[in-house]
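So the chains spell out like this:
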Amino acid sequence: MSLDEENAKKVSNEHIHSLHKDDPLFEVLRNTTAGNPIMVKNVMKQPSYWIVPLLEEKRIAGFARVLLNGKIAHLGSYLQSSGSEQNMAVLTGIDSSKAYELAGERIRKGVEFSSEPIFVHDGPIGREAWLVEVSMGGKPNRWIFVSGQSVYERPAGKTQEGIMK
Amino acid sequence: MEFVCYSYPKIGVRVHLDDSKGELRSLIFDVASTRLVDRFGADELPGFASWSFYDEIIEEASKRVARWDAIDEELDIVRGKIPRLLGPGINSGERESIGDLYIKLSIYDIISVPFISSKIVQYCQHCSTHNCNSLHAQHTDVYCACATGQMILDFYRYYYSQDECAIAMGTGPFGTYISGMLDGLESLSKNCLEAELDGSATWSEAKSEIDANRPLASLIPNHARACFGWKRQNIYLVSSTPARWLYILDPWPWNADICSGGAVYWEDWSAVNHTYFIYVRHRSTSCA
């Protein structure tokens, strides 16, 4: 089963108003409704889950991470969650164009070529960042990750292993 | 005195006592070791704890009788509306009517078991207390273990910056090894806390720690977070698995201002691969 955008919204709405509806820890989510989901891919660029903004009127009050089998992995709120519906950077840390700009500072112009940013989880569910793949001579060479204002990188195709970040 | 099976297949001797206030108490001693059994409940870690399978599944007899009577009463009402209820050939429209009737009867009002149970680590275990946790973002993109350690050490009133945690944990430019996190937690507490790694993390183990009012570190592949609570669905369909969650303080997304990042959420236990727990407890022997 692969959950589409509409069903990710539907599942989130059902979840907020059933299993967690009386949770005092998430009173802030009680009157929320699900907004437009954002697809989160794995570093191999395969769809992995949806992150769904939970909106109270136009304000992003929380989020749900919905797996493609319809299961809600996480339901919660950010420490800083005052973004508006239009400011989806609350969910992604930074918007796509800014991520591209920051990654661009590490790219050798004319020698390397970069892909459009893809929103991925670098490792476990929830550890999200923008991925810009850098190619040289037609082959993927480096992965540049942008999370908030932080930029880090590693050789393309290499997953994180053995150490906690 | 009587023989009891206090944790199948373990046998004990139950001794009934009158205490100084005239109240009846009982103690259970293991027959093999004669040790007093002082932990109770199926949610305790496996081993030396007394629990009863029947206690887990059977509610008080009077409540069961009350529920039985209420169901009989409901059935009579429904049968009054749809006389053919128990006969053959009931149609789909009639079936929907039965559903509506049940909703009107508020069948769930008579079930005394709460739909959801939960517990969050508290400041203390006396009087009316409050939840005791504070979410911190990781200060850099590789400081998850430092931020997680900081949140747990704060709970025990050992206050350190994440840079100090990083030094103690041997954090490098690519992150922290588990062994470093264990060593750091102990050394930062002047060895008054002990950090124990559990390589076969289960939800029940996390629950036991929280029930003992201790936060723990929950490790997932390449990432560390703090766990300060549990939640469980008590009523569910027989063929399904009850939903269980952990209350996670995740230091990601990182932020140079540790008070302006991170996320707090209920994590569905079955949706995420939990690799390790780190339990942080007061050392039972002297510090040092």
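Quick notes on the rules
- Counting starts from 1 at the beginning of each chain's written sequence and moves along it residue by residue.
- Here chains are named by letter from A upward and ligands by number from 1 upward, in the order in which they appear as written.
- The predicted origin of the model limits local features to residues at a pLDDT of at least 70 and limits the giving and counting of side-chain atom pairs to 80 or more, whereas totals for whole chains, interfaces and linings rest on all residues.
- Note: side-chain values were computed over all heavy atoms of the structure, leaving out hydrogens and water.
- Counting from the N terminus, the helices are the DSSP runs of H or I reaching at least four residues and the strands are the DSSP runs of E reaching at least two.
- The globule rule is 2.2 Å times the number of residues to the power 0.38, and the radius of gyration it is compared with is taken over C-alpha atoms.
- Note on definitions: a residue-residue contact is assigned when non-hydrogen atoms from the two residues lie within 4.5 Å.
- Neither His nor the chain ends is counted toward charge; the positive residues are Lys and Arg and the negative residues Asp and Glu.
- Think of each charge as sitting on NZ of Lys, CZ of Arg, CG of Asp or CD of Glu.
- Exposed residues in this analysis have more than 50% of their type's maximum accessible area, buried residues have under 20%, and partly exposed residues fall in between, with area computed by a 1.4 Å probe over protein chains only.
- Surface exposure here means Shrake-Rupley accessible area, sampled with a 1.4 Å probe, where a residue is shielded only by the protein chains that are shown.
- Salt bridges are identified by distance alone: a Lys or Arg side-chain nitrogen within 4 Å of an Asp or Glu carboxyl oxygen.
- Whenever a pair of cysteine sulfur atoms sits within 2.5 Å, that pair is classed as a disulfide.
- Classification of ring pairs rests on two measures: the distance between centres of Phe, Tyr or Trp rings, Trp counted by its six-membered ring, which must be within 6.5 Å, and the angle between planes, read as stacked under 30 degrees, edge-to-face over 60 and tilted in between.
- Here, a charge over a ring is recorded when the distance from Lys NZ or Arg CZ to the ring centre is within 6 Å and its angle to the ring normal is within 35 degrees.

We now examine the overall build of chain A. Looking only at helices and strands, one finds three helices and 10 strands in chain A. Start at the N end of chain A and walk to the C end: the helices and strands fall as α-β-β-β-β-β-α-α-β-β-β-β-β. Relative to the globule expectation of 15 Å for 165 residues, the C-alpha radius of gyration of chain A, 17 Å, shows essentially globular dimensions. Each principal axis of the C-alpha atoms in chain A carries an extent, and together these give about 55 × 30 × 30 Å. Within chain A, contacts between residues at least 6 apart in sequence are counted, and of these 46% link residues at least 24 apart. Positive and negative side-chain charges of chain A, numbering 20 and 20 respectively, have mean locations separated by a distance of 6 Å.

This part covers the overall build of chain B. Within chain B, the regular secondary structure consists of seven helices and 10 strands. The 288 residues of chain B split such that 42% are buried. In the form shown here, chain B has an accessible surface area of approximately 15600 Å², with 56% of it arising from carbon and sulfur atoms.

Before going further, it helps to examine the pattern of salt bridges. Scanning all chains against the criterion turns up 18 salt bridges over all chains. Across the pair Arg142(A) and Glu112(A) runs a salt bridge whose closest N-O atoms are separated by 2.6 Å. Taken together, the residues Arg142(A) in strand β9 (residues 139-147) and Glu112(A) in the loop between α3 (96-104) and β6 (113-114) connect sequence positions 30 residues apart. You can call Glu112(A) buried: its relative accessible area is 4%. The partner of Glu196(B) in a salt bridge is Arg281(B), and the shortest N-O contact between them spans 3.1 Å. Linking Glu196(B) in strand β5 (residues 193-198) with Arg281(B) in strand β10 (residues 276-282), this pair joins segments that are 85 residues apart in sequence. Exposure remark for Glu196(B): the relative accessible area of 40% places this residue in the partly exposed category.

It is worth spelling out the state of the cysteines at this point. In protein structure, a disulfide is the covalent linkage between the sulfur atoms of two cysteines. Residue and element names in this part refer to chain B. For the coordinates displayed, the defined rule picks out one disulfide over all chains. In this model, Cys 192 is linked to Cys 287 through a disulfide, with the two sulfur atoms separated by 2.0 Å. Between Cys 192 and Cys 287, the S-S torsion sits near 115°, and that sign places the bridge as right-handed. Highlighted residues: Cys 192 in the loop between α6 (178-188) and β5 and Cys 287 in the segment after β10, separated in sequence by 95 residues. Under the relative-accessibility criterion, Cys 192 is labelled buried at 18%. By relative accessible area, Cys 287 is classed as partly exposed at 34%.

Any aromatic ring pair is given by two values, namely how distant the centres are and how the planes are angled relative to each other. Counted according to the given criterion, the structure contains 10 aromatic pairs over all chains. On the basis of an interplanar angle of 75° and a centroid distance of 6.1 Å, the ring pair of Phe63(A) and Tyr265(B) is categorised as edge-to-face. A residue pair is termed interchain when its members come from two chains, as with Phe63(A) in strand β4 (residues 59-67) and Tyr265(B) in strand β9 (residues 263-268). Residues Trp143(A) and Phe145(A) carry aromatic rings whose centres are separated by 6.3 Å and whose planes lie at 80° to one another, so their mutual orientation is edge-to-face. One exposure class covers both Trp143(A) and Phe145(A), and it is buried. We note Arg127(A) situated over the ring of Trp252(B); from NZ or CZ to the ring centre the distance is 3.9 Å.

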